[in-house]
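Listed below, chain by chain, are the residues.
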Amino acid sequence: MGNDCLFCKIAEGKIPANRVYEDEVCLAFPDINPQAPTHVLVIPKVHVSSLATAEDGHTELLGKMLAAAAEIAQRLGLERGYRVVVNTGNDGGQTVHHLHLHVLGGRPMSWPPG
Ligand code: 5GP
Ligand code: ZN
């Protein structure tokens, strides 16, 4: 998308990030404002604004992102468990409009969310 997307800039390397994971379709880096001892964001390299705007052609990408989340959790030692969250739209609390998975772990998670 245009130059104004923060996560596109990270994907393009224009803003540096600690890439804890990267493959041909996605990459992951720590959240700047972590909500758990481990809090990593998984983003697609292409711009997709949210889960709600993902299209049929993104099905394989979505599967790869979820598989990446599991791989990252394993690499980061989250053997006690973890949570994967996709905030979507206003009510979902989405603030960055480039699709991302939150991978949270390192402490017990409460349910339901607030
Ligand atoms: P959302 O609220 O859209 O689901 O999540 C966006 C996430 O991006 C937030 O958890 C926020 O802390 C994180 N974030 C916002 N700006 C930056 C940034 O510049 N770098 C990193 N690493 N994370 C960011
Ligand atoms: Zn983007």
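The following paragraphs examine the structure supplied in this document. Here, residues in each chain are numbered from 1, in the same order as that chain's written sequence. By the order in which they are written, chains take letters starting at A while ligands take numbers starting at 1. The model is predicted, so local features are restricted to residues of pLDDT at least 70 and side-chain atom pairs to those at 80 or more, both for listing and for counting; the totals for chains, interfaces and linings are taken over all residues. To obtain the side-chain values, all non-hydrogen atoms of the structure were included, while hydrogens and water were left out.

**Some remarks on the coordination of the zinc ion (ligand 2)**
In an ideal tetrahedron of four donors about a metal, each angle is 109.5 degrees. In an ideal octahedron of six donors, the angles are 90 or 180 degrees. Here the zinc ion (ligand 2) is held by the protein donor atoms Cys-5 (SG), Cys-8 (SG), His-47 (ND1) and His-98 (ND1), which lie 2.0 to 2.3 Å from it. Coordinating donors are taken as N, O and S atoms within 2.8 Å of the metal, stretched to 3.2 Å for Na, K and Ca; because water is absent from the atoms, sites can appear incomplete. Here a site with four donors is tetrahedral if all angles are between 85 and 135 degrees, and a site with four or six donors is square planar or octahedral if opposite donors are over 155 degrees apart and the other angles are between 65 and 115; anything else gets the irregular label. One can describe the donor arrangement at the zinc ion (ligand 2) as tetrahedral, given that its four donor atoms subtend angles of 105 to 116° at the metal. Sequence spacing of the donors to the zinc ion (ligand 2): C-x2-C-x38-H-x50-H. You can see Cys-5 sitting in the segment before helix H1 (6-11) and its partner His-47 sitting in the loop between strand S3 (38-44) and helix H2 (59-75), a full 42 residues away along the chain. Only protein chains enter the accessibility calculation, which uses a 1.4 Å probe. A residue is then buried if its area is under 20% of the maximum for its type, exposed if over 50%, and partly exposed in between. By relative accessible area, which is 24% here, His-47 ends up partly exposed. We count a stretch as a helix when DSSP gives it H or I for four or more residues in a row; a strand needs E for two or more, and each element gets its number in order from the N terminus.

**Examining unusual backbone geometry**
Between Trp-111 and Pro-112 the backbone carries a cis peptide bond, its omega angle lying at 0°. With respect to the element layout, Pro-112 can be found in the segment after strand S5 (101-105).

**Things to note about the packing of aromatic side chains**
Here is the rule: rings of Phe, Tyr and Trp (six-membered ring for Trp) pair when centre to centre is within 6.5 Å. Planes less than 30 degrees apart are stacked, more than 60 are edge-to-face, and the remainder are tilted. Under the definition given, this model contains one aromatic pair. Each ring, one from Phe-7 and one from Phe-29, has its centre 5.6 Å from the other, and the planes form 75°; the classification is edge-to-face. Of this pair, Phe-7 sits in helix H1 while Phe-29 sits in strand S2 (residues 26-30), and the two are 22 residues apart along the sequence. Residue Phe-7 shares its accessibility class with Phe-29, and that shared class is buried.

**Let's talk about the pairing of S2**
Of all the five residues making up S2, four are buried; the element is thus mostly covered by neighbouring parts of the structure. Bridge analysis of strand S1 (residues 21-22) against S2 gives two bridges, and the strand direction is antiparallel. If you follow Glu-22 over to S2, its bridge partner there is Leu-27. DSSP calls a pair of strands paired once it identifies at least 2 bridges connecting them. Between S1 and S2, which pair antiparallel one after the other, the connecting turn spans three residues. With five bridges connecting them, S2 and S3 associate as antiparallel partners. By the bridge assignment, Pro-30 is partnered in S3 with Val-40.

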